[in-house]
Protein chains: 2
Amino acid sequence: MTGGNGLKSYTKNSSYQRGVIDAAKSHIQGAIAKKLQPENLETFSVADLGCSVGPNTFFAVQNILESVKLKYKTHEPNSKIPEFQVFFNDHSMNDFNTLFKCLPPNREYYASGVPGSFYSRLFLRGSLHFVHSSYSLHWLSQVPKEVTNRKSLAWNNGRIYHIHAREEVTKAYSMQHAMDMTNFLSARAEEVVPGGLVAIVVPARPNGTPHAQVIFNMMFDLLGSSLMELSKKGLIDEERVDSFNIPAYCTCPQELEAVIQKNGCFSIERMKSLSTVIAPDTRHRPQDVSLSIRAITEELIREQFGAEILDELFHLFTNKVGEAHQDIASGIALNLFLLLKRN
Amino acid sequence: MTGGNGLKSYTKNSSYQRGVIDAAKSHIQGAIAKKLQPENLETFSVADLGCSVGPNTFFAVQNILESVKLKYKTHEPNSKIPEFQVFFNDHSMNDFNTLFKCLPPNREYYASGVPGSFYSRLFLRGSLHFVHSSYSLHWLSQVPKEVTNRKSLAWNNGRIYHIHAREEVTKAYSMQHAMDMTNFLSARAEEVVPGGLVAIVVPARPNGTPHAQVIFNMMFDLLGSSLMELSKKGLIDEERVDSFNIPAYCTCPQELEAVIQKNGCFSIERMKSLSTVIAPDTRHRPQDVSLSIRAITEELIREQFGAEILDELFHLFTNKVGEAHQDIASGIALNLFLLLKRN
């Protein structure tokens, strides 16, 4: 994500992700009211995994803490409200400085930043009571290795994403996602106390829906076309496009269920689509959609192609989003809310 | 502290503070070997308060963890080594991004950054087993208010520090330090488990020694003279010098004992001077001393006077350090190691 507070920052261009958090709000309130087992705890620890730089993470955390307090007041009126610890996690290149400067001054919790991949252990054994992760688990831990291997059937040349590619490419993405989710669940199984909850929101597709029909996927495909256009103009090397792939994957309920059942440490308490979120194209101008995709991909692109192509690339991309308006409008935008409970 | 990895950064100009950590190393090993009560803990949490940007904090933490592991292996050979959590704390303007990028990749602990003042609560109740703070507790939470009040007897005009000032100024500094230490101990008393240890290293002066004889104090006084010289040259406004003061204080064993006894939650297990640290002037060139003082004061000065005066100011300061060589060589540089145990 693009750090800081600038016009192109994630902070200023994450209203769609904020919409998702708002849509999940009542589900999280309900989850805590119905599924959390309040014990006479002195302390209660929450982790937001993939928190980025804010302010969305602060809204999400506030909602969780208020729901927990309400639960205590309602069900355990004689017990003291516990002290709260909140761990804000993202990878170590995240702009934690901006996150820390923007922490709500009147917060009623102890705040802590945890750098590192949530696909491995991040916290002490049995130390978390509630884990939250919104719009983060679609980011893979890495681009599947086969996809950049010229000798592999899954080599993804001329594209930066798996839709409209060979079947092997999509399969490599799907397997990477399954492996990442397995690692995620194994790590959380150690960290979350028995009875603890894990609330996840991810962009997803309905079971059986082809990847190409999903708006989330279309965006990365259009970004790929824009990069190829720059390559044809001679502004970037074609080989660099071949070796670049977006490490993201749009899962479906079936795939998630399979990996959760195989892990065996969590029960699925709820899996529901968040129907209230409107796809970005239907209410936003192409420019806004472009800024929002730029805020989440700029760092990746800069690393591979350099900063100088960014403005032209996203100018092209904005045009393509405008031209693809009809396709996008008939595409699918599903956001999945998932509530897990540690056995 | 100056963030990043540049030539003027704290990272590159904190060899003196590293020397202090090295000098305290064996004391910390001894403290853990003799005073830590190993219980059959599954997890062990350490906090480094005022960690800055590294790498010094990583050396200090490594020494603590190795000592704890050794203690477990020696005294509880049948118990499992606990999992370790390390909280790196500094104020919220600290460069945590640099700190996180430099975390040792092969570390055997879960790392977390905690932004905020250690003069207030930062951690959950009863959550810490070992607290470390090296060369940080001489920084006050704020400049004593009276010192910038024109109507107060403690108004410190024409200077930026309390030595060679009216007695009331030094008294205001001393009271601020006592108040800060009281808050520090109250907060830690809540956070540290019974039997938990707090290891502190601070620059100090022997009981009864005048502040003006302490090298640590001389440095800030020379910096004040340099600022006044810039003011006389018309490069900065005299009023801005009058309203600027360095929020630091050099304590003594007597003052520390008084505040610890008054708090009543900790026993003093050890208080010892670290004689092995050589005063910066005796082995460093004035340029190096100047860079080291610049790394710890640049941010404060930039905020008050702007960045444009920095180079000229520290050029003047370097000269003054060179001229004051004899005074500095006969000055006192005491670093105090203090080990507290939570009752």
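Residues numbered from 1 in each chain as written. Chains lettered and ligands numbered in written order. Predicted model: local features only at pLDDT ≥ 70, side-chain atom pairs only at ≥ 80, totals over all residues. Heavy atoms only, no water.

- Under the annotation held in an unreviewed UniProt entry, chain A carries the name S-adenosylmethionine-dependent methyltransferase and is attributed to Fraxinus pennsylvanica.
- Here chain A is described in UniProt, under the heading Sequence similarities (unreviewed entry), as follows: "Belongs to the methyltransferase superfamily. Type-7 methyltransferase family." (UniProt positions renumbered as here; feature names shortened; annotations may be inferred.)

**Re the overall build of chain A**
Inference 1: Within chain A, the secondary structure is distributed over 11 helices and seven strands.
Inference 2: Computed over the C-alpha atoms, the radius of gyration of chain A is 20 Å, within 12% of the 20 Å expected from 2.2 N^0.38 for a compact globule of 343 residues.
Inference 3: If one aligns the C-alpha atoms of chain A with their principal axes, the spans along those axes are about 70 × 40 × 35 Å.
Inference 4: Considering chain A as a whole, with its 343 residues, one finds that 59% of them fall into the buried category.
Inference 5: Partitioning the contacts of chain A with sequence separation of at least 6, the portion at a separation of at least 24 is 82%.
Inference 6: Approximately 14200 Å² of chain A is accessible, and the part contributed by carbon and sulfur atoms is 50%.
Inference 7: Within chain A, the 35 negative side-chain charges are centred at a point lying 5 Å from the centre of the 35 positive side-chain charges. (Helix = DSSP H or I, 4+ residues; strand = E, 2+ residues; numbered from the N terminus. Rg over C-alpha atoms; globule rule 2.2 N^0.38 Å. Buried < 20%, exposed > 50% of the residue type's maximum accessible area, 1.4 Å probe, protein only. Contact = heavy atoms within 4.5 Å. Areas by Shrake-Rupley, 256 points an atom, 1.4 Å probe, with all protein chains shown as cover. Lys, Arg positive; Asp, Glu negative; His and termini not counted. Charge placed at Lys NZ, Arg CZ, Asp CG, Glu CD.)

**Describing the pattern of salt bridges**
Inference 1: On inspection of all chains with the given rule, the structure shows 34 salt bridges over all chains.
Inference 2: Residue A:Asp288 pairs with A:Arg285 through a salt bridge whose shortest N-O separation is 3.3 Å.
Inference 3: Each of A:Glu42, A:Glu83, B:Arg121, B:Arg125, B:Arg188, B:Glu190 and B:Glu191 takes part in one network of salt bridges that share partners. (Salt bridge = Lys/Arg side-chain N within 4 Å of Asp/Glu carboxyl O.)

**Focus: the relation of the copies chain B and chain A**
Inference 1: Screw-axis analysis of chain B against chain A gives a translation of 0.0 Å along the axis, an RMSD of 0.0 Å, and a rotation angle of 180°. Put plainly, the chains are arranged around a two-fold axis. Distance from the rotation axis, computed per C-alpha, reaches its smallest value in chain B at B:Gly113: 2.4 Å.
Inference 2: A high fraction, 100%, of the interface residues of chain B reappear at the interface in chain A, so the copies pair face to face through one surface. (Least-squares fit on C-alpha atoms with pLDDT ≥ 70 in both.)

**Here we look at the packing of helix H9 (residues 286–305) of chain A against helix H10 (residues 310–323) of chain A**
Residues and elements named next belong to chain A.
Inference 1: The contact between H9 and H10 brings their axes to 10 Å, and the two run at 140°. As judged from the angle between their axes, H9 and H10 are oblique. Every pair of crossing elements has a handedness; the one defined by H9 and H10 is right-handed. Every residue of H10 that contacts H9 at Pro286, Gln287, Val289, Ser290, Ile293, Arg294, Thr297, Glu298, Ile301 and Arg302 is listed here: Leu310, Asp311, Leu313, Phe314, Phe317, Thr318, Val321 and Gly322.
Inference 2: Residue composition of the contact of H9 with H10, by class: nine nonpolar, five polar and four charged. (Axes fitted to C-alpha atoms, helices over the stretch in contact; angles between N-to-C directions. Parallel < 35°, antiparallel > 145°, perpendicular 65-115°, else oblique. Left-handed = near helix turned anticlockwise from the far one by under 90°. Nonpolar A, V, L, I, M, F, W, Y, C, P; charged D, E, K, R; others polar.)

**Some points on the confidence of the model for chain A**
Inference 1: Counting all residues, the mean pLDDT for chain A is 91, and 97% of those residues have values of 70 or more.
Inference 2: Our summary of model confidence lists the complex with pTM equal to 0.92 and ipTM equal to 0.91. (pLDDT = per-residue confidence, 0-100.)

**Considering the packing of helix H5 (residues 215–232) of chain B against helix H9 (residues 286–305) of chain B**
Residues and elements named next belong to chain B.
Inference 1: At their nearest, the axes of H5 and H9 sit 12 Å apart, and the two run at 50° to each other. Compared by their axis directions, H5 and H9 come out oblique. For the pair H5 and H9, the crossing hand works out as right-handed. Residue-level inspection shows Met219, Phe220, Leu223 and Leu227 of H5 in contact with H9, the latter providing Val289, Ile293, Thr297, Ile301 and Phe305.
Inference 2: Residue composition of the contact of H5 with H9, by class: eight nonpolar, one polar and no charged.

**Some thoughts on helix H7 (residues 253–263) of chain A**
Residues and elements named next belong to chain A.
Inference 1: For H7, the set of buried residues is Pro253, Leu256, Val259, Ile260 and Asn263. For H7, the arc enclosing every buried residue in end-on projection is 140°, short of the 170-degree limit, so these residues lie on one face. Facing away from the buried side of H7, by more than 90 degrees, are the exposed residues Gln254, Gln261 and Lys262. (Arc of directions from axis to C-beta.)

**Description of the pairing of strand E5 (residues 192–204) of chain B**
All names here are of chain B.
Inference 1: With respect to burial, E5 is a largely interior element, 12 of its 13 residues being buried.
Inference 2: The pairing of strand E4 (residues 128–134) with E5 spans six bridges and is parallel. Looking across to E5, one finds that Phe130 is bridged to Leu197.
Inference 3: Between E4 and its parallel partner E5, the chain crosses via helix H4 (residues 167–191), and the hand of that crossover is right-handed.
Inference 4: Where E5 lies against strand E7 (residues 334–342), eight bridges are found, and the strand directions are antiparallel. In the strand pairing of E7, Ala204 is matched with Leu334. (Pairing = 2+ DSSP bridges. Right-handed = clockwise from strand over helix to strand, strands pointing away.)

**A closer look at the nonpolar core**
Inference 1: In this structure, A:Phe88, A:Tyr109, A:Phe130, B:Phe88, B:Tyr109 and B:Phe130 are the most contacted members of the largest nonpolar core, which totals 68 residues.
Inference 2: Within the second largest apolar cluster, 56 residues are counted, among which are A:Leu122, A:Val192, B:Leu122 and B:Ala189. (Core = buried A, V, L, I, M, F, W, Y, C linked by side-chain atoms within 4.5 Å.)

**Section: the pairing of E7(B)**
All names here are of chain B.
Inference 1: Where burial is concerned, most of E7 is hidden: nine out of the nine residues are buried.
Inference 2: Side chains of E7 alternate between two faces, with Leu334, Leu336, Leu338, Leu340 and Arg342 and Asn335, Phe337, Leu339 and Lys341 buried alike.
Inference 3: One ladder, built from seven bridges, connects strand E6 (residues 266–273) with E7; its direction is antiparallel. Pairing of Lys272 across the sheet is with Phe337, part of E7.

**Things to note about the interface of chain B and chain A**
Inference 1: Each side of the interface is counted separately: chain B has 29 residues, and chain A has 29 residues.
Inference 2: Regarding the contact of chain B and chain A, the summed buried area is about 2400 Å², with carbon and sulfur atoms giving 54% of it.
Inference 3: For chain B, the biggest contributors to the area lost against chain A are B:Tyr110, B:Leu124 and B:Arg125; these three give 26% of the whole.
Inference 4: Our count for the chain B to chain A interface comes out at 15 residue pairs in polar contact (both at pLDDT 80 or more). (Buried area = accessible area lost by both parts, 1.4 Å probe. Polar contact = N/O pair within 3.5 Å; in protein donor to acceptor, adjacent residues only side chain to side chain.)

**Quick word on the packing of aromatic side chains**
Inference 1: All told, the structure shown has 28 aromatic pairs over all chains when counted by the stated rule.
Inference 2: Between A:Phe100 and B:Phe96 the ring centres are 4.9 Å apart and the planes differ by 90°, which places this aromatic pair in the edge-to-face class. In this pair, A:Phe100 sits in helix H3 (residues 96–101) while B:Phe96 sits in helix H3 (residues 96–101), so the two residues belong to two different chains. Here A:Phe100 matches B:Phe96 in class, with each residue buried.
Inference 3: An angle of 80° between the planes, with centres 5.3 Å apart, marks the rings of B:Phe216 and B:Phe220 as edge-to-face. (Phe/Tyr/Trp six-rings, centres within 6.5 Å; stacked < 30°, edge-to-face > 60°.)

**Considering the side chain of B:Thr251**
Inference 1: Mapping B:Thr251 onto the fold places it in the loop between helix H6 (238–242) and helix H7 (253–263).
Inference 2: Once residues lying within four places of it in the same chain are set aside, the contact partners of B:Thr251 are B:His177, B:Val202, B:Pro203, B:Ala204, B:Arg205 and B:Leu256.

**As for H10(A)**
Inference 1: For H10(A), which comprises 14 residues, the first-to-last C-alpha distance of 20 Å matches the rise-based estimate of 20 Å (1.5 Å per residue) to within 8%.
Inference 2: Buried positions along H10(A) lie against helix H5 (215–232), H9 and helix H11 (325–329) of chain A. (Expected span 1.5 Å × (residues − 1).)

**Some points on the side chain of B:Lys341**
Residues and elements named next belong to chain B.
Inference 1: Looking at the element boundaries, Lys341 is found in strand E7.
Inference 2: Buried and without a salt bridge, Lys341 has Glu269 as its closest oppositely charged side chain, separated by 5.1 Å.
Inference 3: For Lys341, the side chain forms a polar contact with the main-chain oxygen of Lys35, separated by 3.2 Å.
Inference 4: Apart from residues lying up to four places away in sequence, Lys341 is in contact with Lys35, Gln37, Gly195, Gly196, Leu197, Cys265, Phe266, Ser267 and Glu269.

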